[in-house]
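Each chain, written out:
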Amino acid sequence: MSKENGFIAEFKKFIMRGNVMDMAVGVIVGGAFTAIVTSLNEDILTPILGLFGGTDFSYLTVKIGTGANAPVLQYGNFITAIINFLITALAIFCIIKALNHAADRAKKLKKTEEVAAEPTEKECPYCRTMIHIQATRCPNCTSELK
């Protein structure tokens, strides 16, 4: 019985970890995103592409053999699935590219702010202690500074 409690406790710990929860949210959002891309492809792009090709991809089929029970290859659905994949990949690529660009800009802005900050201290050339940047005499060694 303690093995089951240990196993169940370990499984609970695994499920409640942040990575697993993030992955679950990603899968749910990915499913919704896939539905949007599928609708975009089937309801908008495929009919538009059908204008140029004279046909809608989803209805392209090839009957293999003869008779009423002959198998039918629906290669139009396969073409539609390929288009869905390419659109999804392109959309994800654009989103990741935009996020990377924003992150790079934030890094550059942070570096610019760090570089723009002027020093407030300088080193005394005689005793090597740090003193205020505007000091004309070192408070430690009393040397006159230029």
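Residues numbered from 1 in each chain as written. Predicted model: local features only at pLDDT ≥ 70, side-chain atom pairs only at ≥ 80, totals over all residues. Heavy atoms only, no water.

K.L.:
When you look at the overall build of the protein chain in this model, what are you seeing that I'm missing?
P.N.:
Along the backbone of the protein chain there are three helices and four strands. What you see for the protein chain is a C-alpha radius of gyration of 33 Å, clearly larger than the 15 Å of a compact globule of 146 residues, by over 25%. Its C-alpha atoms put the protein chain at 110 × 65 × 20 Å along the principal axes. Looking at the protein chain alone, contacts between residues at least 24 apart form 19% of all its contacts between residues at least 6 apart. Counting 15 positive and 13 negative side-chain charges, the protein chain places the centres of these two groups 6 Å from one another. (Helix = DSSP H or I, 4+ residues; strand = E, 2+ residues; numbered from the N terminus. Rg over C-alpha atoms; globule rule 2.2 N^0.38 Å. Contact = heavy atoms within 4.5 Å. Lys, Arg positive; Asp, Glu negative; His and termini not counted. Charge placed at Lys NZ, Arg CZ, Asp CG, Glu CD.)

K.L.:
Just checking my understanding: could you explain a nonpolar patch on the surface for this structure?
P.N.:
Residues Val-62, Ile-64, Leu-73, Tyr-75, Phe-78, Ile-82, Phe-85 and Leu-86 make up a contiguous nonpolar surface patch of about 770 Å² in total accessible area. No other element matches helix α3 (residues 75-116), which puts five residues into the nonpolar patch. (Patch = residues over 30% accessible without salt bridge, like charges linked within 9 Å, V, L, I, M, F, W, Y side chains within 5 Å. Areas by Shrake-Rupley, 256 points an atom, 1.4 Å probe, with all protein chains shown as cover. Salt bridge = Lys/Arg side-chain N within 4 Å of Asp/Glu carboxyl O.)

K.L.:
What exactly am I supposed to notice about unusual backbone geometry here?
P.N.:
Negative phi is the rule for most residues except glycine; trans is the rule for most peptide bonds. At Arg-128, a position not held by glycine, the phi torsion is positive, near 65 degrees. The exposed category is assigned to Arg-128, whose relative accessible area is 55%. Phi is positive for Thr-142, which is not a glycine, with a value near 60 degrees. By the secondary structure assignment, Thr-142 is in the segment after β4 (130-132). (Buried < 20%, exposed > 50% of the residue type's maximum accessible area, 1.4 Å probe, protein only.)

K.L.:
Sorry if this is basic, but what is going on with the nonpolar core here?
P.N.:
In globular proteins that are soluble, nonpolar side chains generally tend to be buried together. Counting residues in hydrophobic clusters, the biggest one holds five residues: Cys-124, Ile-131, Ala-135, Cys-138 and Leu-145. Not counting chain neighbours up to four residues away, the residues in contact with Cys-138 comprise Cys-124, Cys-127, Thr-129, Ile-131, Ser-143 and Leu-145. (Core = buried A, V, L, I, M, F, W, Y, C linked by side-chain atoms within 4.5 Å.)

K.L.:
Would you take a moment to explain the pattern of salt bridges for this structure?
P.N.:
When the charged atoms of two side chains with opposite charge come close together, those side chains can pair. Under the counting rule described, the total for this entry stands at one salt bridge. We note a salt bridge from Glu-144 to Arg-137, for which the minimum N-O separation is 3.3 Å. Given the relative accessible area of 54%, Glu-144 is considered exposed.

K.L.:
Where do I start with the side chain of Ser-143 in this structure?
P.N.:
With respect to the helices, strands and loops of the structure, Ser-143 is situated in the segment after β4. With relative accessibility at 18%, the residue Ser-143 sits in the buried group. Aside from chain neighbours lying at most four places away, what touches Ser-143 is Tyr-126, Thr-136, Arg-137 and Cys-138.

K.L.:
Can you walk me through the environment of Ile-28 in this structure?
P.N.:
By the element assignment, Ile-28 lies in helix α2 (residues 18-53). Since its relative accessible area comes to 63%, Ile-28 is described here as exposed. The spacing of Ile-28 and Leu-40 is twelve residues in sequence and 19 Å in space, taken between C-alpha atoms.

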